[in-house]
Amino acid sequence: MRPTESVLPSGPALPEEDLAAFEALLYAAAPQPSPELAARVGREVQAALRQRSSLTAVRAVSSRRSPRLTRVAAIVVALLFLAGTALAIGAWLRQLIQGDPGLASVYDRGDGVPLDLRQTVDGYTIAMQWAYADGNRLVFAFTIAGPPGELFTNLDAAYHVSTVTVSSGGDPVQVAFSTARGTAVEEGVSGSVGVYDLAGFTPGGDTLDVHAELYVESVTPAARTAIPSPQAYQDWWSGPYGPFVFDFSLPLSADQRVLAPALDAVDGGITLTLDRVVITPSQVRLTLCFADPAPGRTWTLIPELSAGGEPVAGGGATDTVPSGLDGRTCSRFTYNAALSDYAGEWTLRVSELVGFGPDGGNDQQRIPGDWRFTFVVPE
């Protein structure tokens, strides 16, 4: 007997109230899977996501059933599909990437690859579960489990001592750590998403080979109790433990648009140059260059980016990058936005330059203005 027949009632059509009760029973019967089942279903569902086979399954059921039973069958399929999707990597990953629209977009559409790599060192276990790469960034997600039987308030990746090298048809290159987010410890396990900068990496093919040497650190309730002073926060930590070594390959997204407009905007005698725009499925990066208004200060620009007249969310973070423009300072602005499919007008506006002196935040020089750049990135 087919699986759908084992759960679908036969005979006359159910009254609407009975159908509603049956739906409730289906939801209530959703299993609480074991970690082993979660890993297995996760691998299967990720493959199904890439093939979009779930839509075919729903259509096949719909073609054979009455409207009311079709709804029940769709619930069964949805329960299995949604449960599997949640198990594929876990709600913890969706929690970490939901504030990153670009990363959430590539994950939701099935990009990236599921991984099933696991290593244990000193009783700690890292399970590498998912990875994605495009021309702007490499992202991978993993869980950290502490030694069995021990309690932890923190299980974190020690990114400050971890290293990642990549290659693609050439010599390996170490890439810089960018950002990370992690979850709280639940039942001895935490999740982590690490992001590495690929902006300076030139690939030689459409596959990225990754070699990661990761370390972890931990905090126990006993350490917090023995050292309660906030000033001794660093003393809470134990580790780093490792290295945990992972080697894997993944597709490198070829979806990338690069523009070098060399557009100038002048206000108050200060010229800003929009030097470069890079758009990938998970991120938008813009590089602005300028001559220091007052040497000896560290200057930050305050940008606003819009596409089609709508503000672009997801960042505006900035870092200083080397300049080839007559020694001028260059700042790169990063927006974690899913705009690789957008074709139209963009506007970048800088409303202020802020220069920090040797005393940091207490020593500022602020220069308001209106520097605007309008451009169109071709498809």
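Scroll up to find the structure this text is about.
Given the structure is predicted, the values throughout are model-derived calculations rather than measurements.

What follows is about the environment of aspartate 267. Tracing the backbone shows aspartate 267 in strand S12 (residues 263-267). The class for aspartate 267 is partly exposed, based on a relative accessible area of 26%. C-alpha of aspartate 267 to C-alpha of arginine 372: the two residues are 105 residues apart in sequence and 9.5 Å apart in space. Aspartate 267 has contacts with Gly369, Asp370 and Trp371, leaving out every residue within four places of it along the chain. Polar contacts involving the side chain of aspartate 267 include one to the main-chain amide nitrogen of aspartate 370, which spans 2.7 Å.

Further remarks concern helix H7 (residues 101-108). Among the residues making up H7, those that are buried are Gly102, Leu103, Ala104, Val106 and Tyr107. One or two residues past the end of H7 sits glycine 110, with phi positive at roughly 90°.

Across all of its chains, the model carries one disulfide by this definition. There is a disulfide in this structure between cysteine 289 and cysteine 330, and the S-S distance comes to 1.9 Å. Judged by the sign of its S-S torsion, about 105°, the bond between cysteine 289 and cysteine 330 is right-handed. Taken as a pair, cysteine 289 in strand S14 (residues 283-290) and cysteine 330 in strand S18 (residues 329-335) lie far apart in primary sequence, 41 residues in all.

Attention shifts here to the nonpolar core. Grouped burial of nonpolar side chains is what soluble globular proteins tend to show. Formed by 34 residues in total, the largest nonpolar core has its most connected members in Leu138, Phe140 and Leu208. Among the elements of the structure, strand S1 (113-121), strand S2 (124-133), strand S3 (137-145), strand S4 (154-157), strand S5 (163-167), strand S9 (207-219) and strand S10 (238-251) are those that each provide at least two residues to this core. Leaving out residues up to four positions away in the same chain, leucine 138 has contacts with Tyr132, Ala133, Val164, Val166, Gly194, Val195, Tyr196, Leu198, Leu208, Val210 and Leu250. By size, the runner-up hydrophobic cluster in this structure holds 30 residues, among which are Phe290, Ala294, Leu305 and Leu353.

Rules of the game
Per chain, the residues get numbers from 1 upward, laid out in the order the sequence is written. Only residues with pLDDT of 70 or above have their local features reported here, since the model is predicted, and side-chain atom pairs are shown and tallied only from 80 upward, although totals for entire chains, interfaces and linings are computed over all residues. The side-chain quantities take in all heavy atoms of the structure and omit both hydrogens and water. Working definition: helices are DSSP H or I runs of at least four residues, strands are E runs of at least two. Numbering for both runs from the N terminus. Each residue gets one of three labels from its accessible area relative to the maximum for its type: buried under 20%, exposed over 50%, partly exposed in between, using a 1.4 Å probe on protein chains only. The contact rule is simple, with two residues in contact once any of their heavy atoms fall within 4.5 Å. Distance and chemistry together define a polar contact, namely a pair of N or O atoms within 3.5 Å, with one atom able to donate a hydrogen and the other to accept it when in protein, and with adjacent residues in sequence counting only for side-chain atoms on both sides. Counting rule for disulfides: a pair of cysteine sulfur atoms within 2.5 Å. Only buried residues count toward a nonpolar core, which is a set of Ala, Val, Leu, Ile, Met, Phe, Trp, Tyr and Cys residues joined through side-chain atoms within 4.5 Å.

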